[in-house]
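Chain by chain, the residues:
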Amino acid sequence: MPLRREGYEVAAWGHDSGRMFGSECGVRALLGEQARPDDKAASCQAIAPR
């Protein structure tokens with residue numbers, strides 16, 4: 001199975017691990033694409049590969 005790696009930027013949280021993992025992309029990365037993050041979860045933006 002090939003490895004899959006993606007990068008995301010979580011707006012306005014710095015390096016707060018709890019808020020990073022609780023963000024929209026963090027919840028989906030940990031629990032799967034069908035997971036539904038909390039309504040107050042931080043939004044994420046994909047980082048384009050260089």
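Our subject is the structure listed above.
Sequence order as written defines residue numbering, which begins from 1 separately in each chain. pLDDT decides what is reported in this predicted model: residues at 70 or higher carry local features, side-chain atom pairs at 80 or more are listed and counted, and totals for whole chains, interfaces and linings draw on all residues regardless. Note: side-chain values were computed over all heavy atoms of the structure, leaving out hydrogens and water.

**Some remarks on the overall build of the chain**
Part 1 of the reasoning: The number of helices and strands found in the chain is two helices and two strands.
Part 2 of the reasoning: Each helix (α) and strand (β) of the chain, taken in turn from the N terminus, gives the series β-α-α-β.
Part 3 of the reasoning: A principal-axis box enclosing the C-alpha atoms of the chain has dimensions of 35 × 25 × 15 Å.
Part 4 of the reasoning: In this scheme, a residue with accessible area under 20% of its type's maximum is buried, one over 50% is exposed, and one in between is partly exposed, where area comes from a 1.4 Å probe on protein chains only. Out of the 50 residues belonging to the chain, those deemed buried represent 18%. Helical segments are the DSSP runs of H or I of at least four residues, strand segments are the runs of E of at least two, and each set is numbered from the N terminus.

**Section: helix H2 (residues 24-31)**
Part 1 of the reasoning: Regarding H2, the residues found buried are Cys25, Gly26 and Val27.
Part 2 of the reasoning: Contacts are assigned to residue pairs with any non-hydrogen atoms lying within 4.5 Å of each other. Where H2 is buried, its residues contact strand E1 (7-10), helix H1 (17-21) and strand E2 (44-47).
Part 3 of the reasoning: Backbone geometry just downstream of H2 places Gly32 in the positive-phi region, at approximately 105 degrees.

**Concerning the environment of Ile47**
Part 1 of the reasoning: Take Ile47: it is sitting in strand E2.
Part 2 of the reasoning: Residues Ile47 and Tyr8, 39 residues apart in the sequence, show an inter-C-alpha distance of 5.2 Å.
Part 3 of the reasoning: The contacts of Ile47, once residues within four sequence positions are left out, are Gly7, Tyr8 and Glu9.

**Description of a nonpolar patch on the surface**
Part 1 of the reasoning: A cluster of nonpolar side chains, namely Phe21, Leu30 and Leu31, defines an oily patch on the protein surface of about 370 Å² accessible area.
Part 2 of the reasoning: By the element assignment, Leu31 lies in helix H2.
Part 3 of the reasoning: Classification of Leu31 as exposed rests on a relative accessible area of 66%. Exposure above 30% relative accessible area and the lack of any salt bridge qualify a residue for a patch; like charges then connect within 9 Å, and the nonpolar side chains Val, Leu, Ile, Met, Phe, Trp and Tyr within 5 Å. The accessible surface values rely on the Shrake-Rupley method and a 1.4 Å probe; as for residues, cover is taken only from the protein chains in view. Whenever a carboxyl oxygen of Asp or Glu lies within 4 Å of a side-chain nitrogen of Lys or Arg, that contact is scored as a salt bridge.

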